[in-house]
Amino acid sequence: MSLSNIKKIWIGGELKASNDALVHCATNTLHYGLGVFEGIRSYSHNSSSYIFRLDDHIARLFDSALIMNMNIPYTQDEVKQAIKDTLLANNLREAYIKPMVYLGSETLSLDTRESSVNLMVLAWDAYNYADGGNKGIAMNISSFTRHHVNVSMTKAKANGNYLNSQLALREAKNCNVDDVFLLDTEGYVCEATGANVFMIKNGVLYTPPLSNCLNGITRQTIITLAQDKGVKVVSKRLTRDELYIADEVFITGTAAEVLPVYQIDSRYINNGNIGELSQFFMQEYQLLVRGRVPQYIDWNSKVNIT
Ligand code: PMP
């Protein structure tokens, strides 16, 4: 199923055939980008579907909306139910799920106090972050800078924030790499276009602080996994050349999962080989998202889809 084959979309409180799930041309979010969303994934195992860290994603959606002054007219439980209903209506076990909160078409003014706040939920079967597979991906440092904390609200997963990511990703593809690291306004490594950053040096796991990147749920998951394995985790500012000489580098995200980086700015990391800890995180992540690691079973919301 591709995007064009989606059967049902949850919009405004009901499931509609995708051709009937329409928004008005004057939809305020479409014009200026003030909206918030989540990227969530469900995984299939033993004829069930497991939505990964649904509670955390929905909590972040509501945090994003609060930051953006949007009052979601549903409870968190209602949004979770809408997501489960969307999976069932599309008969999807393995899915990428995107709830999006957007402003209606009452006004095209920049003053959005009169705008209605609406919700849609899309789910489809695949989202390929990059074509690295198990080999990993090649990345550059972007010529674009990541948001300044007082220009755009980086704790919000806000639609408009992704203009910066789209520009950077297009540039990356034009330069024949898979993705880019964006530096913050002070020149430190911030995040990838849609993923957080980790590096390993001498057995210690490093990741940039959250000051101006998204508080990734996969990032939180990897930190927990590392701590439970006894790996020291340090959150500190990283420079681009620290990444060049790292033992291992990988990026994390709901779409990217755990994706190793074998090359940065034409320099091979670990001679282009995936390191041991990266492999451990990649494998463990694939098991736990499918509800196969008892220790982390609380992260999985089971949906029975026959
Ligand atoms: N940073 C950005 C900019 C992202 O878009 C994402 C993907 N949502 C992430 C980090 C990773 O977040 P998560 O692990 O919650 O998907």
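The rules behind each value
- Residues numbered from 1 in each chain as written.
- Predicted model: local features only at pLDDT ≥ 70, side-chain atom pairs only at ≥ 80, totals over all residues.
- Heavy atoms only, no water.
- 1 Å grid on protein atoms, 1.4 Å probe; cavity = no way out; pocket = protein on both sides within 12 Å on 5 of 7 lines; lining within 4 Å.
- Points joined across faces, edges and corners; volume = space filled by probe spheres on them.
- Helix = DSSP H or I, 4+ residues; strand = E, 2+ residues; numbered from the N terminus.
- Nonpolar A, V, L, I, M, F, W, Y, C, P; charged D, E, K, R; others polar.
- Domains from an automatic or database assignment.
- Phe/Tyr/Trp six-rings, centres within 6.5 Å; stacked < 30°, edge-to-face > 60°.
- Buried < 20%, exposed > 50% of the residue type's maximum accessible area, 1.4 Å probe, protein only.
- Axes fitted to C-alpha atoms, helices over the stretch in contact; angles between N-to-C directions.
- Parallel < 35°, antiparallel > 145°, perpendicular 65-115°, else oblique.
- Left-handed = near helix turned anticlockwise from the far one by under 90°.
- Contact = heavy atoms within 4.5 Å.
- Expected span 1.5 Å × (residues − 1).
- Polar contact = N/O pair within 3.5 Å; in protein donor to acceptor, adjacent residues only side chain to side chain.
- Disulfide = S-S within 2.5 Å.

Enquirer: Account for empty space enclosed by the protein, naming residues and giving values.
Expert: Here the idea is plain: a probe the size of a water molecule rolls over the atoms and shows the empty space left. A full pass over the atoms with the stated rule returns 2 cavities of 30 Å³ or more. Taken as a whole, the largest cavity spans an internal volume of roughly 50 Å³. Mapped by element, the contributors of at least two residues to the lining of the largest cavity are β14 (248–253) and β15 (257–264). No other element matches β15, which puts 3 residues into the lining of the largest cavity. Looking at the lining of the largest cavity residue by residue, the classes come out as 6 nonpolar, 3 polar and 3 charged. Size it by volume and the second largest cavity reaches roughly 40 Å³. When contributions to the lining of the second largest cavity are tallied by element, the ones reaching two or more residues are β4 (40–45) and α5 (217–228). Across the lining of the second largest cavity, the residue classes tally to 4 nonpolar, 3 polar and 1 charged. Of the domains in this structure, domain 1 (8–125) and domain 2 (137–288) are the two that each give at least three residues to the lining of the second largest cavity.

Enquirer: Describe the packing of aromatic side chains, naming the residues involved and giving the relevant values.
Expert: Summed over all chains, the structure comprises 10 aromatic pairs. Summarising the aromatic geometry, the rings of Phe198 and Phe250 are spaced 5.2 Å apart at their centres and angled 20° between planes, so their arrangement reads as stacked. Taken together, the residues Phe198 in strand β11 (residues 196–201) and Phe250 in strand β14 connect sequence positions 52 residues apart. A single burial state applies to Phe198 and to Phe250, both of which are buried. Taking the centre distance of 6.3 Å and the plane angle of 25° together, the rings of Tyr262 and Tyr268 count as stacked.

Enquirer: Before we move on, can you summarise the packing of α5 against helix α7 (residues 276–288) with the specific residues and values?
Expert: Where α5 contacts α7, the axes come no closer than 11 Å and their chain directions differ by 110°. The angle between α5 and α7 places the two elements in the roughly perpendicular class. Our pair here, α5 against α7, has a crossing hand that is right-handed. Only Phe281, Glu284, Tyr285 and Leu288 of α7 make contact with α5, whose side of the interface consists of Thr218, Thr221, Ile222, Leu225 and Ala226.

Enquirer: Tell me what's going on with α7, and back it up with residues and numbers.
Expert: The terminal C-alpha atoms of α7, which comprises 13 residues, lie 18 Å apart, in line with the 18 Å expected from a rise of 1.5 Å per residue. Along α7, the residues that are buried comprise Leu277, Ser278, Phe281, Met282, Glu284, Tyr285 and Leu288.

Enquirer: So what's going on with the side chain of Ser42? Residues and values would help.
Expert: Structurally, Ser42 is set in strand β4. Polar side-chain contacts of Ser42 include one of 2.6 Å to the backbone oxygen of Arg93. Each residue touching Ser42, except ones within four places of it in the same chain, is listed here: Ser49, Tyr50, Ile51, Leu87, Arg93, Glu94, Ala95 and Ile97.

Enquirer: Tell me about the packing of helix α2 (residues 54–67) against helix α3 (residues 76–90), and please be specific about residues and values.
Expert: It is at 10 Å that the axes of α2 and α3 come closest, and there the two elements cross at 125°. As judged from the angle between their axes, α2 and α3 are oblique. Crossing hand, α2 versus α3: right-handed. Along its contact with α2, which presents Leu54, Asp55, Ile58, Ala59, Leu61 and Phe62, the element α3 presents Gln76, Val79, Lys80, Ile83 and Lys84.

Enquirer: Quick one: what's the story with the layout of surface pockets, residue by residue and with numbers?
Expert: In this model, the largest pocket occupies a volume close to 1,100 Å³. Lining the largest pocket are 48 residues; nearest its centre among them are Phe37, Lys98, Tyr127, Lys157 and Tyr162. Put simply, the parts of the chain that give the lining of the largest pocket at least two residues each are α1 (28–32), β6 (95–103), β7 (117–124), α4 (162–174), β10 (189–192), α5 and β14. Counting residues per element, the lining of the largest pocket draws most heavily on α4, which supplies 6 residues. Among the residues making up the lining of the largest pocket, the classes are represented as 20 nonpolar, 21 polar and 7 charged. Shared between two domains, the lining of the largest pocket takes at least three residues from each, and those domains are domain 1 (8–125) and domain 2 (137–288).

Enquirer: Please set out the side chain of His57 residue by residue, giving values where relevant.
Expert: Looking at where His57 falls in the secondary structure, it is placed in helix α2. Classification of His57 as buried rests on a relative accessible area of 1%. In this structure the side chain of His57 is engaged in a polar contact, spanning 2.7 Å, whose partner is the side chain of Glu38. Apart from the residues lying within four places of it in its own chain, the contact partners of His57 are Glu38, Gly39, Ile40, Phe52, Ile217 and Thr254.

Enquirer: A description of the state of the cysteines should follow, citing residues and the corresponding values.
Expert: Enumeration according to the criterion identifies 0 disulfides in this entry. Lacking any disulfide linkage, Cys190 is separated from the closest cysteine sulfur, that of Cys213, by 5.0 Å. For Cys190, a relative accessible area of 2% gives the class buried.

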